[in-house]
Amino acid sequence: MELEKPLLDENKRRIDGRAVDELRPIKIEAGVLNRADGSAYLEWGENKVLAAVYGPREAHPRHRQDPTRALVQCRYNMAAFSVSDRKRPGPDRRSVEISKVISEAFSFVVFREQFPRTSVDIFIEVLQAEAGTRCAGLTAASVALADAGIPMRDLVVSCATGKADGELILDPGKEEDNRGQADMPLAVVPRTEDIVLLQMDGHLTQEELKKAMRMSIDACKEIYVIQKDALRKRYAVTTEEPVEVQETIDTQIKEE
Amino acid sequence: MVEEIVKRELVVPGDLLDAPDLKAGVGTFREDGKIYAALLGIKSERAGYVNIVPLGGKYIPRPGDAVIGNIVDIGPSHWLLEINSPYPAPLHTNEVPWRVEYGDTAHYLDVKDVCLTKVLSVDETKRVQLTMKEHGLRKLNGGQIVEISHSKVPRVIGKKGSMISLIKGFTKCRMFVGQNGRIWIDGEVDDIFNAIRVIKKIEDEAQVMGLTESVASMLEEIYGPSRVE
Amino acid sequence: MGGVIPELTRNHIHRLASAGKRADSRAPDEFRPLKIEKDFVKSAEGSARVHLGKTDVLVGIKMNQGEPYPDTPNKGVLITSAELIPMASPKFESGPPRENAIELARVVDRGIRETETVDMEKLCVEPGEKVWLMFLDLHILDYDGNLFDACSFGALGALTNTVVPASRFNGEDFKLEVEHYPVSITSVKIGSSIFQDPSLDEEMVADARLTVAIDENGNITAMQKGLSGSFTFDEVERVIELARIRGNEIRETIKG
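Colleague: Looking at this structure, I do not really get the overall build of chain B. What am I missing?
Modeller: When helices and strands are counted, chain B shows four helices and 15 strands. Here the C-alpha coordinates of chain B stretch approximately 55 × 55 × 25 Å along the principal axes. Within chain B, contacts between residues at least 6 apart in sequence are counted, and of these 59% link residues at least 24 apart. If you sum the accessible surface of chain B, you get close to 10,500 Å²; carbon and sulfur atoms cover 51% of it.

Quick look at the structure:
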C-alpha cells in the first residue's frame, strides 16, 4: 500500500499550505436571490453555498403554529452534483440532523416572540462541497436572515476545529476531515460568546477540547467581520438621512 | 434649495449603538444596560429614542396604515386579505360601507380582487383587522399593481407628497401608494409604463442624493417640460 | 407552478397583450438577458449556471458506470431529474418531485436525447455489461418564469464542458463530445398574442404554452404543449418559425 502523505509537514504546514490556525479563504455576498425575502451566497475554500430566508410567514401546517412565538425552521440540502459520488436528491438522516441543530442555533438569536404563529424558514443549498458545509451553510444563513430583516440579538458564526497528526487544526479541509482524528463544528454568538451549536466526533483530551473551542471562537470573530462587510456592501451608498414621511392615504385620496 | 445632509450610520444586528441618554426604540434591544441594533438598517435618533429604520424585511402592519391587499379567501362574514406582511388580515362585514347579509360576502368582494384598505387595529398577538369604511377606501378596478420594498415607500411619496405629485403630474396617472409597498397605477398604457419605470428608479436609487431632481429630469425627457403644472 | 394572481393584474396583462405589448416592455419575441456560467461546480463532471432575467438555475452532470438497459446494450444511459426546491419560490414545497418537476425533467431530457446531442454509443464501456450512466440534475434556485428554457440551456451548457471521469475506473478522462445543439424555445399565448420567454406573471395568466426544441439544422427534436388553452394550426407554425430564428441566436450564446 502506498504510504499516505502526512497531514502536517515538519514545519507544521498543512497539505494545502495553511498554518494550523489559518482559515480557508471566505467570500460572502448578500442579497443574491430575487424571490426570497433574504439571501446570501458564500464561498469558503471549495465550498459553494446559497442560503435563502422566507418569512416571518404564516406557519404551515397550522397545528405546528406556536401562539407565543415564531418557529425557526431550517432545511439543509446538498445538490446531487455537489459531492464526488452523486448524492440522491432529497433529505437523508444526515441532512435532517444538520437542519435540526442549525434551526436550534438560530432559535437562540432570533427575537421569536415578536412574530407569534409564524415561521422563519431558512433554506441552505450546498452547491459544491469540500468539508465543513454545515459551518458554511450556517454562516451564510446568518447573513440571509439579517438581509431578510429578521430581528436578532446578533449574527451567528460557525467554524470547525479538527485534529490531524496529533495537532489541533482550524477549519479542516477535505483530506484532513477524512483522515484526521477529530472534527468539532461550533457556532457562536460573537458578541457574547454564547455557544449555540457544538458537535464533535473523534478523540480529544479535555485540554485539547478547551483549546479547540477557543480556536473556533476566535476564527468565528474573524468571519463575523466578513459577514458584516457583506451586509454593509449590499446597502452601501452615500446618502441622506431617510425621509420619514408619515404621509397617510388621506392626502392621496383628497388629491384624487 | 439646500437639503441638510446627515451622514447615515448603517448598522447590522448585534451592533452596539452609541446612544448615551437615549431610550431603546424600534428595532433595538437593551442588554446589560447597553443598547444594540436588532435589525439591519439605519440608525435614527428621534424624541429621546434611538431607532433602527429597516432597509428590508417584511411589512409589519401599524394601525392607521393604508395598505393594498389581495383577497385570498372568503368566509360567511369576512374576507381574508394578503397584505405582504407575515399575517393575512381579515376584513369583517361590519367594516365595509355596505350592509352585507351573513353568507353573502362573495356578492360584494371576491377572491382575486384588490382593495385599498386601512389597518384598523393590531392586537398584542399581532392579529390584524382591516377597515374599508372610511372615505375613498374601496375595491380597485383596472390599472396595475407594482410592488416595491415597504422601506422605500416614503421615498416614492416624498416630502409632503412631492415625489408622488411629480409622477402624477407628468404621467396623468391615478395612483395610490400603500404603506405595505404595493402601488396601484391607472392610466393610459404608455403612461403606466413610464410611471413604473420611474418608481423602479426610485426604488433602486432610494439612497442616492438629489433623487427628486433626477426623477424630474427623467420625466421631462419623456414628456417635455410643458407637462409640469 | 405559480399561485393566485389578482384579477386586476390578469386584466392588465391581457389589455397589453391585445396591443401586442408586455408588462416589462419587451418585444413579443424578445428574451430576457441571458447569462451562462459554465463549469460553475467543480465537484460535477460538467455544469452550468443560467440566469435568464431573474430566473436562476444550476445544472450539474455526474457520471458513474453501471449496467445498460437490455434493449440498448451498447449505449450509455441518461437520467434527468429536476428539483423545485423551496428556496426558489414561496410556492415550492419540500418533498419528492411532483408533476411539474417531472414534466420539466422529461421535457429537458427529450430535447437532449432525441437530437442525439451526445453519441450515447461512445459511452459504452463493455457492450451489455458496463456503460456510463449520466445523471443530469436540474437545480432551480430562483423561479421567475420559463424554467423549461433556462434548464435546457443549462443542460446543453453543462454537456459542453463535461469530462468523463474514466480515470476513476482505471481509464483516462476524456472530454464528452457534443454532436448537436438543440435549443429549446418556449412561447405562451395570451389572448391572441404569442410571447417568447414568458415571465412569471405571463406564465400565470397564459392560456397555452408551447416548448419547441430545434437543432442547428432546423430539425425539431422535441415539443411540449402545456396549459388548458389551445393553439391553432397556423399559430403552431408561427411559434416554430420564431423559435428557429431565436434558437440560432441563443445557440451561439450557449456555445460561447
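Colleague: Just to check I follow, could you spell out the packing of aromatic side chains for this structure?
Modeller: How two aromatic rings sit relative to each other is set out by the distance from centre to centre and by the angle between their planes. Throughout the structure, instances matching the rule amount to ten aromatic pairs over all chains. Put simply, the rings of Phe111 of chain A together with Phe29 and Tyr36 of chain B pair up and form one aromatic cluster. Above the ring of phenylalanine 40 of chain C, the side-chain terminus of lysine 48 of chain A is found at 4.3 Å from the ring centroid.

Colleague: Could you clarify how one ought to interpret the sheet that holds strand 2 (residues 23-24) of chain B in this entry?
Modeller: Two orientations exist for strands paired in a sheet by backbone hydrogen bonds: parallel and antiparallel. Residues and elements named next belong to chain B. Strand order in the open sheet made by the four strands is 1-5-6-2, with mixed pairing throughout. Looking at the sheet topology across the chains shown, the edges are occupied by strand 1 (10-11) and strand 2. Across two bridges, strand 2 lies against strand 6 (residues 49-54) in parallel orientation. If you follow alanine 24 over to strand 6, its bridge partner there is valine 50.

Colleague: I would appreciate a short explanation of the domain arrangement of chain B in the present structure.
Modeller: Residues and elements named next belong to chain B. Partitioning chain B into domains gives domain 1 (8-54), domain 2 (66-139) and domain 3 (144-223). For domain 2 and domain 3, the distance between their C-alpha centroids amounts to 26 Å. Contact with domain 2, which involves eleven residues of that partner, is made by ten residues of domain 3. With both sides pooled, the region where domain 2 packs onto domain 3 buries about 860 Å², and carbon together with sulfur makes up 49% of that total. On the domain 2 side of the interface with domain 3, the three residues burying the most area are Ile68, Asn84 and Arg138, jointly 56% of the side's total. For the pair domain 2 and domain 3, the interface holds one salt bridge. Here arginine 182 ties to glutamate 82 by a salt bridge, and the two come within 2.6 Å at their closest N and O atoms. Applying the counting criterion to the domain 2 and domain 3 interface returns seven residue pairs in polar contact (both at pLDDT 80 or more). When residues of the side of domain 2 that touches domain 3 are traced back to their parent elements, those giving at least two are strand 7 (66-74) and strand 10 (114-122).

Colleague: Whenever I open this one, the pattern of salt bridges confuses me. Can you help?
Modeller: Pairing between side chains becomes possible if they bear opposite charge and their charged atoms approach one another. Applying the stated criterion across every chain, the model contains 54 salt bridges over all chains. Among the salt bridges present, the one from arginine 24 of chain A reaches glutamate 130 of chain A, with a minimum N-O distance of 2.8 Å. With arginine 24 of chain A in the segment before strand 1 (26-30) and glutamate 130 of chain A in the loop between strand 5 (118-128) and helix 2 (133-147), the pair connects residues that are 106 residues apart, well separated along the chain. Judged by relative accessible area, which is 21%, glutamate 130 of chain A ranks as partly exposed. A salt bridge links lysine 43 of chain B to glutamate 9 of chain B; the shortest N-O distance between them is 3.5 Å. Remark: glutamate 9 of chain B occurs in the segment before strand 1 and lysine 43 of chain B occurs in strand 5 (residues 41-46); sequence separation between them is 34 residues. Lysine 43 of chain B sits in the buried class, given a relative accessible area of 13%. By relative accessible area, glutamate 9 of chain B is classed as partly exposed at 39%. Connected through salt bridges with shared partners, the residues Arg14, Asp16, Arg18, Arg24, Glu130, Asp171 and Glu176 of chain A form a single ionic network.

Colleague: It is not clear to me how the interface of chain A and chain B should be interpreted in this structure. Could you clarify?
Modeller: Many analyses report the size of an interface as the accessible area lost when the parts associate. The interface is formed by 45 residues belonging to chain A together with 59 residues belonging to chain B. Of the roughly 4,600 Å² buried between chain A and chain B on both sides combined, carbon and sulfur atoms contribute 56%. One can count four salt bridges joining chain A with chain B. Between lysine 58 of chain B and aspartate 37 of chain A there is a salt bridge, with the nearest N and O atoms lying 3.8 Å from each other. For the interface between chain A and chain B, the tally reads eight residue pairs in polar contact (both at pLDDT 80 or more). For the side of chain A that touches chain B, the secondary-structure elements that each account for two or more residues are strand 3 (47-58), helix 2, helix 4 (206-235) and helix 5 (249-255) of chain A. Residue composition of the side of chain A that touches chain B, grouped by class: 19 nonpolar, nine polar and 17 charged.

Colleague: Looking at this model, I keep getting lost on the sheet that holds strand 9 (residues 183-190) of chain C. Mind explaining?
Modeller: Residue and element names in this part refer to chain C. If you trace the four strands from one edge of the open sheet to the other, you get 10-9-11-12, paired in antiparallel fashion. Taken across any chain shown, the strands that pair with only one partner, and hence form the sheet edges, are strand 10 (193-196) and strand 12 (220-226). For this sheet, the mean inter-axis angle between neighbouring strands, taken without regard to orientation, is 20°. Sheet analysis places strand 9 next to strand 11 (residues 208-214), joined by seven bridges and oriented antiparallel. Within strand 11, the residue paired with valine 183 across the bridge is isoleucine 214. Contacts from helix 5 (residues 233-255) reach strand 9, strand 10, strand 11 and strand 12 within the one sheet, and its direction differs from that of strand 9 by about 140°.

Colleague: Would you take a moment to explain the interface of chain C and chain B for this structure?
Modeller: In this assembly, 13 residues from chain C lie in contact with 15 residues from chain B. For the pair chain C and chain B, the two sides together bury roughly 1,200 Å², of which 63% comes from carbon and sulfur. Where chain C meets chain B, there are one salt bridge. Among the salt bridges present, the one from aspartate 190 of chain B reaches lysine 21 of chain C, with a minimum N-O distance of 3.0 Å. Of the residues belonging to the side of chain C that touches chain B, the class tally is six nonpolar, three polar and four charged.

Colleague: Even after reading the chapter, I still don't get the pairing of strand 11 of chain C, so can you show me in this structure?
Modeller: Here is the key point about a regular strand: its side chains alternate between the two faces of the sheet. Residue and element names in this part refer to chain C. Counted residue by residue, strand 11 has seven buried out of seven residues, so it is predominantly covered. Neither face of strand 11 is open: one carries Ala208, Leu210, Val212 and Ile214, the other Arg209, Thr211 and Ala213, and all of them are buried. Two elements, strand 11 and strand 12, share six bridges in a ladder whose sense is antiparallel. Bridged to arginine 209 within strand 12 is glycine 226. The antiparallel pairing of strand 11 with strand 12 creates a hairpin that spans five residues between the two strands, and glycine 218 there sits at a positive phi of about 85°.

Colleague: When you look at the environment of glycine 218 of chain C in this model, what are you seeing that I'm missing?
Modeller: All names here are of chain C. Position of glycine 218 among the secondary structure elements: in the loop between strand 11 and strand 12. Classification of glycine 218 by relative accessible area gives partly exposed; the value is 32%. Remark: the alpha-carbon pair of glycine 218 and aspartate 119, spanning 99 residues in sequence, is separated by 19 Å.

What counts, and at which threshold
- Per chain, residue numbering runs from 1 following the sequence as it is written.
- Labels are handed out in written order, letters beginning with A for the chains and numbers beginning with 1 for the ligands.
- It should be noted that, the model being predicted, local features are given only for residues of pLDDT at least 70 and side-chain atom pairs only at 80 or more, the latter also being counted only at that level, while totals for whole chains, interfaces and linings use all residues.
- Side-chain metrics in this entry use all non-hydrogen atoms of the structure; hydrogen atoms and water are not considered.
- Helix and strand definitions follow DSSP, with helices as H or I runs of at least four residues and strands as E runs of at least two, each counted in order from the N terminus.
- Every residue pair with non-hydrogen atoms within 4.5 Å of one another is taken to be in contact.
- Surface exposure here means Shrake-Rupley accessible area, sampled with a 1.4 Å probe, where a residue is shielded only by the protein chains that are shown.
- The criterion for an aromatic pair is that two Phe, Tyr or Trp rings (for Trp, the six-membered ring) have centres within 6.5 Å, with stacked assigned to planes under 30 degrees apart, edge-to-face to planes over 60 apart and tilted to the rest.
- In this scheme, Lys NZ or Arg CZ marks a charge over a ring once it lies within 6 Å of the ring centre and within 35 degrees of the ring normal.
- By this definition, two strands are paired if DSSP reports at least two bridges between them.
- Source of the domain bounds: an automatic or database domain assignment.
- Buried area is a sum: the accessible area each of two parts loses on coming together, probed at 1.4 Å, counted once for each and added.
- Salt bridges are identified by distance alone: a Lys or Arg side-chain nitrogen within 4 Å of an Asp or Glu carboxyl oxygen.
- Here a polar contact means two N or O atoms within 3.5 Å. Within protein one must be a hydrogen donor candidate and the other an acceptor candidate, and residues neighboring in sequence count only if both atoms are side-chain atoms.
- Burial classes follow relative accessibility: with a 1.4 Å probe on protein chains only, a residue under 20% of its type's maximum area counts as buried, one over 50% as exposed, and anything between as partly exposed.
- Three classes are used: nonpolar for Ala, Val, Leu, Ile, Met, Phe, Trp, Tyr, Cys and Pro, charged for Asp, Glu, Lys and Arg, and polar for all others, with Gly counted as polar.
- Each axis is a line fitted through C-alpha atoms, taken for helices only over the stretch in contact, and angles between the N-to-C directions span 0 to 180 degrees.

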